[in-house]
Structure formats: structure tokens, C-alpha cells
Amino acid sequence: RPVGALVVAWRAGRVRFADVARLQEALDCPEPLAWALVRRGLGDPADARAFLAASDPATPLSDPEALPGIAEAADRLALAVRRGEKIAVHGDYDCDGITSTAVLVQALRARGADVRPFLPSRFTDGYGVSAATVEMLAGEGCRVLVCVDCGTTAVDPLTRAVELGMDPVVCDHHLAAGARPPGILANPALGRGTEDLPAAAGVVLKLTRALAARFDGDRLAPDALDGIDLVALATVADAVPLVGENRVLVARGLAAMRTAPRPGIAALCRAAGVASRALDARHLGFTLAPCLNAAGRMAHPERGLDLCLAGTAQEADALAAELWGMNLERRDVERRIVDEAVAMIDASPPEVRDASALVLAGDGWHEGVVGIVASRIVERYSRPAVILTRDGERAKGSGRSLPGVDLHALVAAASQRLVRWGGHQGAVGLELRSADIEEFRRALGTAADGVRGAIERARVRAVDAVAAVSDLSLKLAEGIDALAPFGRGNPEVRLAVPGCAVVRTNRVGDDGRHLEVRIQGHGAHARSIGFGMGPRQAEIDGDARHDAVVRLGVERYQELVSPRVTLEALEPLAARPPVRGMCAQACDAACPQRAVLDAAALDTPAAPPAAPPGT
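All values reported here derive from a predicted model rather than from experimental measurement.

1. A closer look at the side chain of D172
Along the polypeptide, D172 turns up in the loop between β5 (167-171) and β6 (184-186). R180 provides the closest opposite charge to the buried, unpaired D172, separated from it by 9.5 Å. Within the structure, the side chain of D172 is placed 3.4 Å from the backbone nitrogen of C150, a separation counted as a polar contact. Of note is the side chain of D172, whose polar atom sits 2.8 Å from the side chain of H174. When sequence neighbours within four positions are dropped, the list of residues in contact with D172 reads D149, C150, G151, T152, A186, N187, P188 and V203.

Right, dumping it as C-alpha cells:
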């Protein structure tokens, strides 16, 4: 709870206890897991079983050609392969763009195609497709230009491509208004909602499956799913909702990584000290993806592409070590800029510090890390944030948002002075004149004022169930693990543990950044780790009871399996006057002396009081 930050509220949705009891009996699962499923809208046993089955790698994928544009794109690429035409694949400099490029290049080369991958430099080329790049690729003899994770807004550059004799194909997932570029366009974000959009790599996988059908007559031929491991990595890294087919893609990709990781993935795991057989979605989002992103943030994304396409362990190990070093450098730069940004916010006047959206600008801030700094500011201050780096008369930057708060729409409402911008609901990139930053700040704040209700709702985090310390067992951890993979749209299960005692605290990790806490309740103990919570050790009163919010997972180390408890929040209980018939101080949920309160009363609206006589 940093100074100036808003305390996040935690709340469990109200559901019927009868539904929980029915589901617990039908699935023969621990009660907290049944609460979690019902609160996620899976109270019907058939729905719950279907959801759990979606994480099975054997779950079939949908017809790729149901997405408009995929069939036409596959036809054109198949023709180019048969004719021996040179194909350019233009990606982006983030993890999704790098992996999308790798998946398509790998599939085309497997068919014998002449492929020329191109990834732009964040620093010299900027975001998206440029006319200069189009002219360069045309000069190299490219006849087909495939844009992956970009291209939907590239009207002028792709018009130039047509003039130069190239056929454009766009496989993207970004939102865009206005005119469409010429050529074949496959973008699921156009014409429907965004609640289950795939990453760009997911769109590219549809294309490679359709391409396999042109050559093999089978969209599920073994090589049609080559690259699904990279699709899983991109899906988690780009924070698309892990629902529906996205969840299936991540489950299948993780299964592929665990059993037969490609050399680049195996090398990254070795560099990070992670066993590939134990990979989960958190490893993808917090360990592997940042290394690929670091290539585009700190140097050139081609190093990440080279790792994805590496053919030998020796080649991959050298690249992984390089990317791991870049990521460590990125962390140091990020921490410095976050510290400067926080100091800037705390020193700002109230109209800036308390605005519904934050816009911060610094001279010389590293352009490659401003996006992740924006994420850190959103986490800390619970509101949308845009971080800009000034370079003379120009400023460039990135924005991030809270779940359910559409940053793309907010920036659109404040875009009058922007030179260029783009993105999606949760993230945007933009450029403007330095002189226009203040006007943009005011306009974005005004737009955010209009959705203040959504921002307030986003600050309330969901708790899936109330549990005692004794519930934090391996059985429950394995049950929760069946709901994975977790991510946006399918968040990790969070449990509230009320009235527990804190019997030991210890600062661990680099510079004591993390907090090790042993919580106790009714004779049961559980060790937990609060990441980034080390500075809070001094304020924890060992004599007071606390409410904890935790995540429960499965820890696998060599041949040992145990529950892993991760601390999300730890708040002391306020002193209360004693209530007749109850303890003076709140206590453990499992205490046999505790006054019994039916769970249905806790989680269903209370009945209205009886009307007084005479009314």
C-alpha cells in the first residue's frame, strides 16, 4: 500500500449455497473449489465439466476458415509457394509480433517457400508498417507482403505495396476505425466484440492450419499445429482473455513445451532456472515472454526471432543468455523510471495526482520500457496510465489500463493532438508533440472522468471463496490447478483467509523485496510469500489477527509436490467492541467456539426486517 496509492477492495460475489453444495457433491471436490466455480458462473455441473475439459490438450480447435479472410490468405500463400514467389512476413517488436512471425516463417519454410522475415526496430523504424519498409521489400523482389500483429491501420503503406506490385495480406487482432487497407484482411477484432479475441499468433495459427489443408488436405495434420507452443506464449504475453479457444491454445501449447520444447524454449528455461516440464502460464507471462520483449525493448527484436527459430541447443543457449542479460538490464531501467514516476506523482498538484487517468512524461526515459512502467503505475495507483518519453519536440509512449476500462476508447476521445496512435482495450502506443502533452493530459482525464464508475469497479478485486488455514492443502491446490491456464478472463483463484495469526515474518529475495509469512489458524500453519511486500514487514503486528488473501497452487520440485501459498493481501483486523455471545476479537474460521453462521447467510442477500406493528 504505497503512499498515495488506493487500497484495493476485495469482495466475494453473492451466490446460493445450495448451488455450491450441489456442485461439490457432483464433482466430489473441496468446498472452496465449488464456491469458486459457482462464483465464476459454472454452478451447473455440466458447465463446470465442460470448462475443465477445455484445458485438456485433446480438446478440438475450431474451423480456421470460419474467420473471414483466412481462406483467401491461405489460397494466396499456397499459390506463392507453388510459383516460388518471394514472401515477406512483417511482424512487430513485441512478444506477440515476434512469435507470430516465427510461426508463419516456420510453416512457410517447411513448405519450401522463399521467405523474408522483417521485424521493425522500435527506435529506428517505429511501430507498424512504413512506406520505406514496403519499398525496401519490394526492391528485394517480394511479391506477397504478410503483415502479422500489424497492418490493420496501414492504409497508405499497403496502398504503396499494391502500386509496387505486391499483394498485401494482414493477420492482425488490433482495433481500428476508419478506412481499411487494400489486400486480404483477417482480423477477428473487426465486426464483433473483444471478449474472446485471440492474440495475433492465434490468427496466424489459423492461417497455417488452412495452409496445411491446401497441401495435405488436413487442418489437423501434425505439422499444422507446429508453433502452437509459441502461440501459447503470445496468448499469455499479450493478455488476451483466456476463455474459449484461447484457453485451449494455451493448454495445448504448454503441453507441447513440457514434453518436447523447441531448442529456444528449452534454452530460455535453462537460463531462467525453470524446468520445462513444470512450465505453467505464470512462467510464460513473467519469465519467458519478458525475455522476448526485452529484445525489442533494449536492442532489436530479431534476436528474439532467431531464438524462436533456433535449430540447435548450442545456438539457442547463446541467444537465450543474451536475451536473459537484456531482460536483467530492462528490469534495472524499469525500476529507476518507476521510482522517478512515483516521485513525480507524489509531488504533483492534486488535479494531476488525483486525476482519473495519469499521464507522466520524462526526458530521456527509455522508450523500450515505458509500456511496462505504465503497467506498474496502473498496479500501484489503480487507474489508467500513459507514460511518455520526451525527445526534444516529440514525445512517444505507451498506456495501460485496468480490466474492464477501455483505454483505446479513452485515447480516441483525447486524440485530437496525437500524431499517431493505436492499440486495443488494454494497451495503446502513441506519439505527439511535447508541447501538446498538457492538453492531452487534460483531455484524457476528462474522458476518464466519464467512466469513473468502471474505474471504481475495476478497483474491487474478486475473492473466489473463504477458506481456513487448514483448507490450504495439496488436494485443494490440485483442484484449483485444474482450472488453469490462468490469465486475463480466467484469473487465478483467490481465497480469503479471515482472522489468521501471523506467527513469523521474514524478508527474502534481492534487497529483501519479498515477504515470507507463516500464517496460523486453529492449529494449522501455512508458509506464504508476498512478492514485492518486503517493506511491509515493519508494520505487521504479530499480536493482532489478520485477514489474508492468497493464491493457492501446486509446487513441484524434483520429485516433491506440495501446496504453494502466495500472499496477495494482509490486513490487520480493526479492534471492535465485544458483542454479547461472541469473542471480543475476531478469530479463526475453524474455531470450534466460533458462533455458527450458515454459509448461505454470508453469501445471499439478507431478508428484509419485519415491519414494525402498526405500519
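Next comes the rest of the description.
2. A closer look at the pattern of salt bridges
For the coordinates displayed, the defined rule picks out 39 salt bridges. Residues E340 and R336 are paired through a salt bridge, measuring 3.1 Å at the closest nitrogen-oxygen approach. Linking E340 with R336, this pair stays in helix α14 (residues 313-346), spanning four residues, or about one helical turn. Using a relative accessible area of 34% as the deciding quantity, one classes E340 as partly exposed. Here E431 makes a salt bridge to R394, at a shortest N to O gap of 3.9 Å. Linking E431 in strand β11 (residues 427-433) with R394 in strand β9 (residues 394-400), this pair joins segments that are 37 residues apart in sequence. A cluster of three or more residues bridged by salt bridges with shared partners is formed by R76, R83, E85, R143 and D167.

3. Thoughts on the sheet that holds strand β10 (residues 418-423)
Spatially, β7-β8-β9-β11-β10 is the arrangement adopted by the five strands of the open sheet, whose pairing is mixed. Each edge of the open sheet carries a strand with a single partner, namely β7 (358-363) and β10. Direction aside, neighbouring strands of the sheet carry axes that sit 15° apart on average. In this sheet, β11 lies alongside β9 in antiparallel orientation, the contact comprising seven bridges. Paired with G397 across the two strands is L430, which belongs to β11. Across the face of the sheet, helix α16 (residues 370-381) comes into contact with β7, β8 (385-391) and β9 while running at roughly 50° to β9. This element, helix α18 (residues 437-449), spans β7, β8, β9, β10 and β11 of the sheet and lies at about 160° to β7.

4. Notes on the sheet that holds β6
Read across the sheet, five strands follow the order β3-β2-β4-β5-β6 without closing on themselves; strand pairing throughout is parallel. Across the chains shown, the open sheet's two edge strands, defined by having one partner strand only, are β3 (114-118) and β6. Direction aside, neighbouring strands of the sheet carry axes that sit 15° apart on average. Of the strand pairs in this sheet, strand β2 (residues 86-90) and strand β4 (residues 142-148) are connected by five bridges, and their pairing is parallel. Each residue of the ladder has a partner; that of H90, found in β4, is C147.

5. Here we look at the environment of V103
With respect to the secondary-structure elements, V103 resides in helix α5 (residues 95-110). Put simply, V103 and L230 are 127 residues apart on the chain and 7.1 Å apart in space, counted from C-alpha to C-alpha.

6. So, helix α11 (residues 263-272)
Within the span of α11, buried status applies to G264, I265, A266, A267, L268 and C269. Structurally, α11 contributes buried residues whose contacts are with α9 (228-237), α10 (244-259), α12 (281-298), α13 (302-309) and α14. Phi turns positive one or two residues past the end of α11, at G273, with a value near 75°.

7. Some words on unusual backbone geometry
Along the chain, A484 connects to P485 via a cis peptide bond; the corresponding omega equals 5°. With a phi angle near 55°, S382 is a residue other than glycine that sits in the positive phi range. In this fold, S382 is placed in the loop between α16 and β8. Even without being a glycine, D511 presents a positive backbone phi close to 55°. Considering the arrangement of structural elements, one finds D511 in the loop between β14 (494-508) and β15 (514-521).

8. Some points on the packing of α12 against α14
The relative placement of two packed helices comes down to the angle between their axes together with the axis-to-axis distance. Two numbers describe how α12 lies on α14: the axes approach to 8 Å, and their chain directions differ by 80°. By the angle between their axes, α12 is roughly perpendicular relative to α14. Across the interface between the two elements, T287, P290, C291, L292, A294, A295, R297 and M298 from α12 touch L323, W324, M326, N327, E329, R330 and V333 from α14. Its residues placed into classes, the contact of α12 with α14 shows ten nonpolar, two polar and three charged.

9. Topic: the packing of helix α1 (residues 17-27) against helix α3 (residues 45-53)
Packing of α1 against α3 leaves a shortest axis separation of 10 Å and a crossing angle of 55°. Here α3 runs oblique to α1, going by the angle between their axes. Classified by chirality, the crossing of α3 by α1 is right-handed. Along the contact surface, α1 presents R22, L23, A26 and L27, while α3 presents P45, A48 and R49. Taken together, the residues of the contact of α1 with α3 break down into five nonpolar, no polar and two charged.

10. Observations concerning the nonpolar core
One finds I87, L108 and I377 to be the most contacted residues of the largest nonpolar core, which totals 117 residues. Considering each element in turn, this core owes the most residues, twelve residues, to α14. Those residues in contact with L108 that sit more than four places away from it in its chain are L77, V81, I87, V89, A113, V115 and L211. L476, I480, L483 and V554 belong to the second-largest nonpolar core, a separate cluster that totals 42 residues.

Rules used in this analysis
- Residues numbered from 1 in each chain as written.
- Predicted model: local features only at pLDDT ≥ 70, side-chain atom pairs only at ≥ 80, totals over all residues.
- Heavy atoms only, no water.
- Helix = DSSP H or I, 4+ residues; strand = E, 2+ residues; numbered from the N terminus.
- Buried < 20%, exposed > 50% of the residue type's maximum accessible area, 1.4 Å probe, protein only.
- Lys, Arg positive; Asp, Glu negative; His and termini not counted.
- Salt bridge = Lys/Arg side-chain N within 4 Å of Asp/Glu carboxyl O.
- Polar contact = N/O pair within 3.5 Å; in protein donor to acceptor, adjacent residues only side chain to side chain.
- Contact = heavy atoms within 4.5 Å.
- Pairing = 2+ DSSP bridges.
- Axes fitted to C-alpha atoms, helices over the stretch in contact; angles between N-to-C directions.
- Parallel < 35°, antiparallel > 145°, perpendicular 65-115°, else oblique.
- Nonpolar A, V, L, I, M, F, W, Y, C, P; charged D, E, K, R; others polar.
- Left-handed = near helix turned anticlockwise from the far one by under 90°.
- Core = buried A, V, L, I, M, F, W, Y, C linked by side-chain atoms within 4.5 Å.

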